[in-house]
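Per-entry structural report
Next come the chains, spelled out residue by residue.
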Amino acid sequence: MRPAADNPAPVEPGAALPPADTRRRTALGLCAGVAALIVYGSWFPFEWIHPHPDDVWWGLTNLHPFTGRADLLGNVALFLPWGLAAAGAARLHGARPAAWSLGAGLLLALLAQAGQFFEAHRDPRWADVLWNLVGAAGGRAAARALPRLQARPGAAAWVLLAG
């Protein structure tokens with residue numbers, strides 16, 4: 001049996017949650033919100049079709065890594081917030097931030113691309129998954145650098161000016 005200090009008292013309904021639980025729930029909610037926005041943006045304008053088998057085959061076998069500068073930058077930028085949010089949530093839950101950001105980011109990117117097979121105006125590609133992961137890794141790197149930036153006086157102003 002664990003010591004009494006490790007067994008928290010039950011929380012009554014309607015009572016305030018401890019700060020650590022609130023931070024964890026907020027971080028998971030942020031991850032869910034970012035994921036929902038990614039899926040929404042990937043599947044917009046929601047004109048669903050039944051894909052032709054040739055289109056599915058082309059999408060599954062097209063391994064060309066470059067689709068255009070705007071598409072590349074869009075795919076990277078789309079997953080930067082995911083990497084940042086997922087790394088923060090993983091850290092609060094005691095998980096490995098890099099594994100969580102990239103592993104869950106890979107699943108999210110695959111979900112977004114799979115749905116694009118059924119959307120009339122979208123073109124699913126493996127390259128998009130690759131660039132989504134680059135964005136998630138960039139968000140993870142930003143999450144790692146953020147505590148060091150917060151400790152430096154005036155660093156927040158430089159981050160705002162750079163953005």
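Everything below is about the structure printed above this text.
Overview of the structure. Everything numeric in this text was worked out from a predicted model, so none of it was measured. (Residues numbered from 1 in each chain as written. Predicted model: local features only at pLDDT ≥ 70, side-chain atom pairs only at ≥ 80, totals over all residues. Heavy atoms only, no water.)

Considering helix α1 (residues 19-43)
One full turn of an α-helix is made of 3.6 residues, so residues set three or four places apart face in the same direction. Relative to the 36 Å expected for 25 residues at 1.5 Å per residue, α1 spans 36 Å between its end C-alpha atoms, a close match to the ideal helical length. Those residues of α1 that are buried are in contact with α3 (69-92) and α4 (97-116). (Helix = DSSP H or I, 4+ residues; strand = E, 2+ residues; numbered from the N terminus. Expected span 1.5 Å × (residues − 1). Contact = heavy atoms within 4.5 Å.)

Topic: the pattern of salt bridges
Taken as a whole and assessed by the stated rule, the structure comprises two salt bridges. Among the ionic pairs, Arg125 bridges to Asp123, the shortest N-O distance being 2.9 Å. Residue Asp123 is classed as partly exposed on the basis of its relative accessible area, which comes to 35%. (Salt bridge = Lys/Arg side-chain N within 4 Å of Asp/Glu carboxyl O. Buried < 20%, exposed > 50% of the residue type's maximum accessible area, 1.4 Å probe, protein only.)

With respect to the packing of aromatic side chains
For the structure on display, the rule yields six aromatic pairs. On the numbers, 5.8 Å between centres and 80° between planes, the contact of Trp43 with Trp48 is edge-to-face. For the ring pair Phe66 and Trp131, a centre distance of 5.8 Å and an interplane angle of 35° mean the geometry is tilted. Remark: Trp131 occurs in helix α5 (residues 126-151) and Phe66 occurs in the loop between α2 (53-61) and α3; sequence separation between them is 65 residues. (Phe/Tyr/Trp six-rings, centres within 6.5 Å; stacked < 30°, edge-to-face > 60°.)

Points about unusual backbone geometry
With an omega of 15°, the peptide bond between Phe44 and Pro45 qualifies as cis. For Phe46, which is not glycine, the phi torsion reads 65° and is therefore positive. With respect to the helices and strands, Phe46 occurs in the loop between α1 and α2.

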